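Fold and contact review
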Amino acid sequence: MEYKNESIYWMLLKHEDWNMYIAATEKGLCYVGSKTMPFEELSDWVARKFPGFELVEDKDKLEPYSIQLIEYLEGRRQDFTIPFDYKGTPFQQAVWEALCKIPYGKTQSYSDIATRINKPASVRAVGTAIGANRVLITVPCHRVIGKNGSLTGYRGGLEMKTKLLDLERAGALTNSK
């Protein structure tokens, strides 16, 4: 993948009790950080995945992304229409695309995702690919739970995962009335 510009634009998104770093390339959103995690989570990731890129704080460039994230956090948006620029293997990208097909307010298991991508024996690899998702919320890995219905690991922590699932359940109930 070629990039015209070797900058990654970032900002700290603050909304109510949400504080998270978001970042984008010229091609689209590439990073949504964990709630209340430090800037180093973003800068360390950029150093590994985009070596040589400069981090540039730019709220204006991130405005379309922050608007949609805030709308989601307020329960006013269920789907994202912003462009993405996620870097991963073809397998990871297939998993992330499958995550985007999980309906708002619903959950699926790791084995459901493995079946959806026609790799039913790859449940562990699916879990690893989900863990590599750096575009939290917008690529909804929080909607993946254990086969027995239990909450499982989440890069943002189980508290953040629970909060996102509760937000969606409340929104799904409100929108179905």
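All figures in this text were calculated on a predicted structure; none of them were measured in a lab.

Now for the overall build of the chain. From N to C terminus, the chain includes six helices and six strands. In sequence order, the chain lays out its α and β elements as β-β-β-α-β-α-α-β-α-α-β-α. At 16 Å, the chain has a C-alpha radius of gyration in line with the 16 Å of a compact globule built from 177 residues. Principal axes of the C-alpha set define a box for the chain whose edges measure 45 × 40 × 25 Å. Here the chain, with 177 residues, has 47% of them falling under the buried criterion.

Under the feature "domain: Methylguanine DNA methyltransferase ribonuclease-like" (unreviewed entry), the UniProt entry names residues 8–86. For residues 8–86, the end-to-end C-alpha separation is 13 Å, with 33% helix and 29% strand making up the annotated structure.

With respect to the element layout, G105 can be found in the loop between α3 (90–99) and β5 (108–109). Judged by its relative accessible area of 22%, G105 is partly exposed. Sequence separation between G105 and Q78 is 27 residues; the distance between their C-alpha atoms is 8.7 Å.

Judged by nonpolar contacts, the single largest core of 40 residues is most densely connected at I22, V32, V95, L99 and I137. Mapped by element, the contributors of at least two residues to this core are β1 (7–15), β2 (18–24), β3 (29–32), α2 (59–73), α3, α4 (110–116), α5 (123–131) and α6 (158–176). For this core, the element with the most residues is α2, which contributes five residues. In this structure, this core is formed jointly by two domains, domain 1 (7–74) and domain 2 (90–175), each of which donates at least three residues. With sequence-adjacent residues up to four places away left out, I137 is seen in contact with M20, V32, L69, Y72, F80, H142, Y154, M160 and L164.

Bringing the sheet that holds strand β4 (residues 54–57) into the picture now. The mixed open sheet is built from four strands, whose spatial order is β3-β2-β1-β4. The open sheet is flanked by β3 and β4, the only strands paired with a single partner. Averaged over neighbouring strand pairs, the angle between their axes works out to 30 degrees when direction is ignored. Where β2 lies against β3, three bridges are found, and the strand directions are antiparallel. Looking at the pairing, A24 lines up with L29 of β3. Docked against the sheet, α2 engages β1, β2, β3 and β4, running at close to 40 degrees with respect to β1.

Our focus in this paragraph is the domain arrangement of the chain. The domain architecture assigned to the chain consists of domain 1 (7–74) and domain 2 (90–175). One C-alpha centre belongs to domain 1, the other to domain 2; they are set 20 Å apart. Counting residues at the interface gives 16 residues for domain 1 and 14 residues for domain 2. Around 1,300 Å² of area is buried between domain 1 and domain 2 when both sides are counted, 63% of it from carbon and sulfur atoms. Three residues, W18, V32 and Y72, lead the burial of domain 1 against domain 2; their summed loss comes to 45% of the area buried on that side. Put simply, domain 1 and domain 2 have two salt bridges between them. The interface formed by domain 1 and domain 2 includes seven residue pairs in polar contact (both at pLDDT 80 or more). Elements that contribute at least two residues to the side of domain 1 that touches domain 2 include exactly β2, β3, α1 (39–49) and α2.

About the cut-offs
- Residues numbered from 1 in each chain as written.
- Predicted model: local features only at pLDDT ≥ 70, side-chain atom pairs only at ≥ 80, totals over all residues.
- Heavy atoms only, no water.
- Helix = DSSP H or I, 4+ residues; strand = E, 2+ residues; numbered from the N terminus.
- Rg over C-alpha atoms; globule rule 2.2 N^0.38 Å.
- Buried < 20%, exposed > 50% of the residue type's maximum accessible area, 1.4 Å probe, protein only.
- UniProt positions renumbered as here; feature names shortened; annotations may be inferred.
- Core = buried A, V, L, I, M, F, W, Y, C linked by side-chain atoms within 4.5 Å.
- Domains from an automatic or database assignment.
- Contact = heavy atoms within 4.5 Å.
- Pairing = 2+ DSSP bridges.
- Axes fitted to C-alpha atoms, helices over the stretch in contact; angles between N-to-C directions.
- Buried area = accessible area lost by both parts, 1.4 Å probe.
- Salt bridge = Lys/Arg side-chain N within 4 Å of Asp/Glu carboxyl O.
- Polar contact = N/O pair within 3.5 Å; in protein donor to acceptor, adjacent residues only side chain to side chain.

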